[in-house]
Amino acid sequence: MKLYQNEISSATSRVRIALTLKGLTAEALPVTILGEEAESRQAGYRSVNPQGLVPALLTDSGVLVTQSLAIVEYLDEIRPEPPLLPDTAEDRARARSIALAIAAEIHALLPPRIGLHLKTAFKADADAVAAWSRHWVGEGMAAVETMIAGRRRGAFAVSDQPGIADIFLFPQAISARRMGFDLARWPNIAEIVGRLEAIPAFQENAPAPRK
Ligand SMILES: N[C@@H](CCC(=O)N[C@@H](CS)C(=O)NCC(=O)O)C(=O)O
């Protein structure tokens, strides 16, 4: 397998955590994502992934899988142990709800292309873009905290095993902390992230800080 990726990418981090938990490896194919001239915006990479996003996984049979949730679930299917989805249909739905609350409602408003468009189309300066990001992270993580607190029964977001919800929560929480949020304002998230930081698959695959 090959993984189009970037070390600062939170969405890539999710896939790298899942690969490591599964004991799988993928050859890393780096794609730059910062700035107007980034490879993610060029025709070359767009011919690979029309969305111009990382991560994108090239399977051993040459099929490209895009979108981190689809990639993580694909890995869970080809290597079932340890399972990344919980035992019951309700808990699986909850795990996917938390993963999507992060991927589709928080992270989707933050990547480099969003900041670039705010700057070029709406004349936002760096402070305005930072305020935009803080707003969506603050509001979104508070909702995720309430979602987790509502039915939490185990050591992690949904159960006693780290799974898909934790894989999506961890990189977003690390990046929230780098933005200056004290995770203690979200007590369940803070506790879960503390546990995840002690697990090498999470710690070693956290998104790198933007330089
Ligand atoms: N929903 C996508 C999000 C992918 C995404 O936004 N990736 C970012 C890096 S974290 C990216 O490639 N950004 C390129 C850009 O914004 O220009 C997923 O979960 O895979």
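None of these values were measured; they are calculated from a predicted model. (Residues numbered from 1 in each chain as written. Predicted model: local features only at pLDDT ≥ 70, side-chain atom pairs only at ≥ 80, totals over all residues. Heavy atoms only, no water.)

**What to know about unusual backbone geometry**
Keep in mind that most residues, glycine aside, have a negative phi and that most peptide bonds are trans. The omega torsion across Val54 and Pro55 is 5 degrees, close enough to zero to call that bond cis. Along the chain, Pro55 turns up in the loop between helix H2 (43-46) and strand E3 (56-58). Backbone geometry places Lys123, a non-glycine residue, at a positive phi of 60 degrees. Here Lys123 lies in the loop between helix H5 (112-122) and helix H6 (126-151). (Helix = DSSP H or I, 4+ residues; strand = E, 2+ residues; numbered from the N terminus.)

**Considering the packing of H5 against H6**
Any two packed helices are characterised by the angle at which their axes cross and by the distance between the axes. Where H5 contacts H6, the two axes come as close as 10 Å, and the packing angle between them is 135 degrees. Between H5 and H6, the angle falls in the class oblique. H5 and H6 meet at a crossing whose hand is right-handed. Where H5 approaches H6, its residues Ile114, Gly115, Leu118 and Lys119 are matched on the opposing element by Ala126, Val129 and Trp132. (Axes fitted to C-alpha atoms, helices over the stretch in contact; angles between N-to-C directions. Parallel < 35°, antiparallel > 145°, perpendicular 65-115°, else oblique. Left-handed = near helix turned anticlockwise from the far one by under 90°. Contact = heavy atoms within 4.5 Å.)

**What to know about the site of the ligand**
Taken together, 16 residues lie around the ligand, and Arg41, Val54, Gln67, Ser68 and Arg113 are the ones closest in. Within the side chain of Arg14, one N or O atom sits 3.0 Å away from an oxygen atom of the ligand. With respect to the ligand, the side chain of Arg41 contributes an N or O atom lying 2.6 Å from an oxygen atom. At the level of secondary structure, the elements contributing two or more residues to the shell around the ligand comprise helix H1 (10-22) and H5. No other element matches H1, which puts three residues into the shell around the ligand. Per-class residue counts for the shell around the ligand are seven nonpolar, six polar and three charged. Looking at which domains feed residues into the shell around the ligand, each of domain 1 (2-78) and domain 2 (89-203) gives three or more. (Near = heavy atom within 4 Å. Polar contact = N/O pair within 3.5 Å; in protein donor to acceptor, adjacent residues only side chain to side chain. Nonpolar A, V, L, I, M, F, W, Y, C, P; charged D, E, K, R; others polar. Domains from an automatic or database assignment.)

**Some details on the pairing of strand E2 (residues 27-30)**
Two strands pair when backbone bridges link them, and strand E1 (residues 2-5) and E2 are joined in this way by four bridges, in the parallel orientation. Residue Tyr4 lies in a different strand from E2, and its bridge partner there is Leu29. With H1 bridging E1 and the parallel E2, this β-α-β connection has right-handed handedness. (Pairing = 2+ DSSP bridges. Right-handed = clockwise from strand over helix to strand, strands pointing away.)

**Describing the nonpolar core**
Leu75, Val144, Ile167, Phe168 and Ile189 are the most contacted members of the largest nonpolar core, which totals 51 residues. Looking at this core, the elements that each hand over two or more residues are H1, helix H3 (68-78), helix H4 (89-103), H6, helix H7 (164-178), helix H8 (187-197) and helix H9 (200-203). The element that contributes the greatest number of residues to this core is H7, accounting for nine residues. Counting residues domain by domain, this core receives three or more from each of domain 1 (2-78) and domain 2 (89-203). One finds Tyr4, Ile8, Tyr45 and Ala56 within the second-largest nonpolar core, a separate group that totals eight residues. (Core = buried A, V, L, I, M, F, W, Y, C linked by side-chain atoms within 4.5 Å. Buried < 20%, exposed > 50% of the residue type's maximum accessible area, 1.4 Å probe, protein only.)

**Side note on the domain arrangement of the protein chain**
Along its sequence, the protein chain is organised into domain 1 (2-78) and domain 2 (89-203). In this complex, domain 1 contributes 18 residues to the contact, which on the side of domain 2 involves 18 residues. Both sides of the domain 1 and domain 2 interface together cover about 1600 Å² of buried area, and 74% of this is carbon and sulfur. Contact with domain 2 buries surface across domain 1, with Arg14, Ile17 and Leu69 losing the most and accounting together for 38% of the total. (Buried area = accessible area lost by both parts, 1.4 Å probe.)

**Regarding the pattern of salt bridges**
Under the criterion given, the structure shown has nine salt bridges. A salt bridge links Glu191 to Arg152; the nearest nitrogen and oxygen atoms lie 3.2 Å apart. A residue pair is termed long-range when its members are at least 10 positions apart, and Glu191 in helix H8 and Arg152 in the loop between H6 and H7 qualify at 39 residues. Residue classification places Glu191 among the partly exposed residues on the basis of a relative accessible area of 38%. Of the charged contacts in the structure, one is a salt bridge between Arg177 and Glu197, with a shortest N-O distance of 2.5 Å. (Salt bridge = Lys/Arg side-chain N within 4 Å of Asp/Glu carboxyl O.)

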